[in-house]
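Coordinate analysis (summary)
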Amino acid sequence: MSIKKSKINQDKSETNNQQITSLSFTDVDLFTEFFGYGGMQMIQLTTGPLQSKFLSIRIGELHFIYNQANQGIQTWGLDLKKYRDFTMVWFENEGEFYSHRRPIEPQRTIFGFNGDEVDFLMPQGGTIANILIPVETFHAYANQLQRHDLDDCFLSKNYVNLLPTGMKEIKDYLKEIFWLAEHKPSYLQQDHVVDLVTNDFLPLLISNIPIKWNSKSSLKPSRQAKLIAQAEQEMLESFEEPLTLKQLAQNLESSSSALSRGFKDLFGMSAMRYLKVRRLNALRQRLKASDPENCTITMLAGQFGFWSAGHFARDYKAMFGELPSETLRKKA
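Reading the values: the criteria
- Residues numbered from 1 in each chain as written.
- Predicted model: local features only at pLDDT ≥ 70, side-chain atom pairs only at ≥ 80, totals over all residues.
- Heavy atoms only, no water.
- Helix = DSSP H or I, 4+ residues; strand = E, 2+ residues; numbered from the N terminus.
- Buried < 20%, exposed > 50% of the residue type's maximum accessible area, 1.4 Å probe, protein only.
- Contact = heavy atoms within 4.5 Å.
- Phe/Tyr/Trp six-rings, centres within 6.5 Å; stacked < 30°, edge-to-face > 60°.
- pLDDT = per-residue confidence, 0-100.
- Pairing = 2+ DSSP bridges.
- Axes fitted to C-alpha atoms, helices over the stretch in contact; angles between N-to-C directions.
- Core = buried A, V, L, I, M, F, W, Y, C linked by side-chain atoms within 4.5 Å.
- Polar contact = N/O pair within 3.5 Å; in protein donor to acceptor, adjacent residues only side chain to side chain.
- Parallel < 35°, antiparallel > 145°, perpendicular 65-115°, else oblique.
- Salt bridge = Lys/Arg side-chain N within 4 Å of Asp/Glu carboxyl O.

Things to note about the overall build of the chain
Summing up its helical and strand segments, the chain has 13 helices and 13 strands in all. Every one of the 332 residues in the chain was classed for burial, and the buried ones make up 51%. Within the chain, counting contacts between residues at least 6 apart in sequence, those at least 24 apart form 74% of the total.

Structure (structure tokens):
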């Protein structure tokens, strides 16, 4: 994988059982490429140059991850079937976090679990933390703690609400891990730390999962969310054709007001603005894959429904902080 230094900064230190990786990204596509597994897709939703921080700490079999971005991000398609994935909102801000198109309660909700069927929205300035635990390891500790209620039925769900005190205990422990990784990484790379962290953290996490959990605790899309998902699919199939809100509503046998309300609630923007954002992200990916000698930006823009070269260049620069010609030159 070839990644320019201007786009990504990486600091990695490791021993046999411990590895700390600290990265910064200024391009959402390179962030996606870095992960490069499970069919993950990611787009930028809000305007302006991206500044994203990624910190990963592997201690034995456990992975502790910190993700922060100054722009709104939409992620879907990630598949981590070998792991139990426990994700939480790290810092609250004015925007809402969504998993499976349902809002997350930052003070209580842990979500993810099986790591498949990921559908996540993070607002501007959002920060999340997640822990990846191998399936066998998680079940071994659950059995030791006689938590036989954490069976496949529970884990097939994708969220659970903890008591606020339990969430605070978990976050306080993670704060120590993240602080040590950045300020005293040599401590985490000592051999005894693997058993120490594993034997401390897994019982802490498992014991804070309520014994009496709600059997309906799955963040399944609401009726409105399903409508918006259908609208997204319709948009993706219409990139090269003009599409109005009225046409979109007619195609889905819905009302313009229902679509407008749904997109505003979920993405914080109108349906037509979201369509433009998706087109801009897709066009950016095409520019990066194009041969600069044989690519005409105006013609390419027309293929994605941008008929005014001036308006397109303005919108593109506002979205990504650079002109389309600059993106193409970087490919060269």
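With respect to the packing of aromatic side chains
For the structure on display, the rule yields 16 aromatic pairs. Taken together, a centroid distance of 5.3 Å and an interplanar angle of 80 degrees make the contact between F64 and F201 edge-to-face. In this pair, F64 is assigned in strand β5 (residues 62–69) and F201 in helix α6 (residues 192–207), connecting sequence segments 137 residues apart. For the pair shown, F64 and F201 are each scored as buried.

Topic: the confidence of the model for the chain
In the predicted model, the chain carries a mean pLDDT of 85, and the fraction of residues at 70 or more is 89%. In this model residues 1–8 is a low-confidence stretch, pLDDT under 50, and it forms 18 contacts with partners more than four residues away in sequence or in other chains.

Notes on the sheet that holds strand β9 (residues 102–103)
One open sheet accounts for five strands, arranged β3-β6-β11-β8-β9; its pairing is antiparallel. Each edge of the open sheet carries a strand with a single partner, namely β3 (41–44) and β9. As paired strands, strand β8 (residues 98–99) and strand β11 (residues 119–122) are joined by two bridges and run antiparallel to one another. By the bridge assignment for β11, S99 is matched with F120. Running at roughly 115 degrees to β3, helix α10 (residues 271–289) makes contact with β3 and β6 (73–76) of the sheet.

As for the environment of V135
One can find V135 in helix α2 (residues 135–144). When its relative accessible area of 19% is taken as the criterion, V135 is described as buried. For V135 and D85, which are 50 residues apart along the polypeptide, the C-alpha to C-alpha distance reads 9.4 Å. With sequence-adjacent residues up to four places away left out, V135 is seen in contact with K81, K82, Y83 and R84.

Re the nonpolar core
Proteins that are soluble and globular tend to have nonpolar side chains buried together. Counting residues in hydrophobic clusters, the biggest one holds 41 residues, and the most contacted among them are I57, F64, I110 and F201. Residues within four places of F64 in sequence aside, it is in contact with L55, S56, I57, I59, N130, I131, L174, I177, F178, V197 and F201. Counting 38 residues, the second-largest nonpolar core is a separate cluster that includes F239, L287, C295 and L328.

So, the side chain of T87
Examined against the element boundaries, T87 turns out to sit in strand β7 (residues 83–91). Classification of T87 by relative accessible area gives buried; the value is 6%. Side-chain polar atoms of T87 contact the side chain of D85, separated by 3.1 Å. In this view, T87 contacts T109, I110, F111, I128, A129 and N130; residues no more than four positions away in its chain are not counted.

Considering the packing of helix α7 (residues 223–236) against helix α9 (residues 256–267)
Where α7 contacts α9, the axes come no closer than 10 Å and their chain directions differ by 95 degrees. Classed by the angle they form, the pair α7 and α9 counts as roughly perpendicular. The segment α7 lies against α9, with Q224, L227, I228, A231, E232 and M235 engaging A258, L259, R261, G262, F263, D265, L266 and F267.

Points about helix α1 (residues 28–35)
Of all eight residues in α1, six are buried, a share of seventy percent or more. Within the sequence span of α1, burial applies to V28, D29, L30, F31, T32 and F35. Structurally, α1 contributes buried residues whose contacts are with β2 (18–25), β3, β4 (52–59), β5, β6 and α10.

Some words on the pattern of salt bridges
In total, this model carries 14 salt bridges according to the counting rule given. Its salt-bridge partner being D149, residue R147 comes within 2.9 Å of it at the nearest N-O pair. The salt bridge involving D315 is made with R314; its shortest N-O contact spans 3.6 Å. Put simply, D27, D29, R284, K288 and E322 are held in one network by salt bridges that share partners.

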